[in-house]
Structure formats: C-alpha cells, structure tokens
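Each chain, letter by letter, is given below.
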Amino acid sequence: DRYLIPEPRVALAGAVRDHAHAAMDVSDGLVGDLSRLARASRLGAILDASAVPLSPAARVMAREPRFLETVLTGGDDYEILATVPIANTDAFEQACEGAGVTVTRIGRLVGDSREVAVVGGDGAPMAFKGRNFAHF
C-alpha cells in the first residue's frame, strides 16, 4: 500500500518549518538521499540502520544483509528526512505527535566530511554496492 497509495506527510510541514534546519523527501533511497542532504549541509552523517523504522515484513527481510541494503537504498520510501538541532528535538517530537505523525531518530550529522556512514545494531560499519536507486 505504501508504494501504490503513498501518504504524504503534509501534517509535518509546521513542525519542520518551526524546528528543523533542513528537510527533504526520501524517494530515491534513504542512504542516497541522506548523502545528498549531508553534502548540501557540508556535514557528514551517521545512520543507525537498526533505528530505521520498518514494516513487520521489511523487518523480517532485513535480517538478511542483502535485503537490508535494498531496504535502505532502494527508493520509493515516501517519507520526510529532517535534521533537527538537539535543542529542538523535544519540541519537534511534540509538534509531530500533535500532528499525528510518528517520527524516529535514525542518526546524526557530524563534522565536515560530507560522507554518510551506515552502522548496524552492533555499531559496525556497513558497506553497500550502491547508495540509492539508480533511474538509468
């Protein structure tokens, strides 16, 4: 249903406007889109793969590393990726809750490397063949 009947997160507009420093849609794969956001922000990022919310079916599939790669880089996510300063996180989360939208912390921006590191639940770095869906 998420692919065929996406639910735009329009209700997040106010919370993002009031509390986030940057935001974008995730449509070409979380890792690739996070890489674009980090590069544009002149920062690096650490993505905690185990914190990414998944459907029950995707969670089962993601136990296999090659499928987890597809989940994190495959695209058609139809979600919002936002960067929120630590000082604003409580207010952002409350605003999102008030809008009826669940949000999840999945990582953090770091330094000035403009690189995205993906780590697993054990904290070990993960490597992928590609970072996002390739249209051509």
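Just so you know, these numbers come straight off a predicted model, no measurement behind them.

## Here we look at the sheet that holds strand β2 (residues 44-48)
Overall, mixed pairing links the four strands, which are arranged β4-β2-β5-β6 in an open sheet. The sheet terminates laterally at β4 (107-110) and β6 (125-126), the two strands that pair on one side only. Sheet analysis places β2 next to β4, joined by four bridges and oriented antiparallel. Bridge pairing in β4 places Gly44 opposite Val110. In the packing of helix α2 (residues 30-41) onto the sheet, contacts are made with β2 and β5 (116-119), and the angle to β2 comes to roughly 155 degrees.

## Describing unusual backbone geometry
The backbone of Asp76 shows a phi angle near 60 degrees, a positive value even though the residue is not glycine. Along the chain, the position of Asp76 falls in the loop between α4 (65-73) and β3 (79-83). Judged by its relative accessible area of 36%, Asp76 falls in the partly exposed class. For Tyr78, which is not glycine, the phi dihedral falls at a positive 55 degrees. Tracing the chain through its elements places Tyr78 in the loop between α4 and β3.

## Describing a nonpolar patch on the surface
The grouping of Tyr3, Leu4, Ile5 and Tyr78 at the surface amounts to a nonpolar patch, some 470 Å² of accessible area in total. Using a relative accessible area of 53% as the deciding quantity, one classes Tyr3 as exposed.

## Considering the nonpolar core
Residues Leu30, Leu47, Val52, Leu72, Leu81 and Val118 are the most contacted members of the largest nonpolar core, which totals 20 residues. Secondary structure elements with two or more residues in this core: α2, β2, α4 and β5. The leading source of residues in this core is α2, at five residues. Within the second largest apolar cluster, seven residues are counted, among which are Leu12, Val16, Ala20 and Val101.

So, how was this worked out
Residues numbered from 1 in each chain as written. Predicted model: local features only at pLDDT ≥ 70, side-chain atom pairs only at ≥ 80, totals over all residues. Heavy atoms only, no water. Pairing = 2+ DSSP bridges. Helix = DSSP H or I, 4+ residues; strand = E, 2+ residues; numbered from the N terminus. Contact = heavy atoms within 4.5 Å. Axes fitted to C-alpha atoms, helices over the stretch in contact; angles between N-to-C directions. Buried < 20%, exposed > 50% of the residue type's maximum accessible area, 1.4 Å probe, protein only. Patch = residues over 30% accessible without salt bridge, like charges linked within 9 Å, V, L, I, M, F, W, Y side chains within 5 Å. Areas by Shrake-Rupley, 256 points an atom, 1.4 Å probe, with all protein chains shown as cover. Salt bridge = Lys/Arg side-chain N within 4 Å of Asp/Glu carboxyl O. Core = buried A, V, L, I, M, F, W, Y, C linked by side-chain atoms within 4.5 Å.

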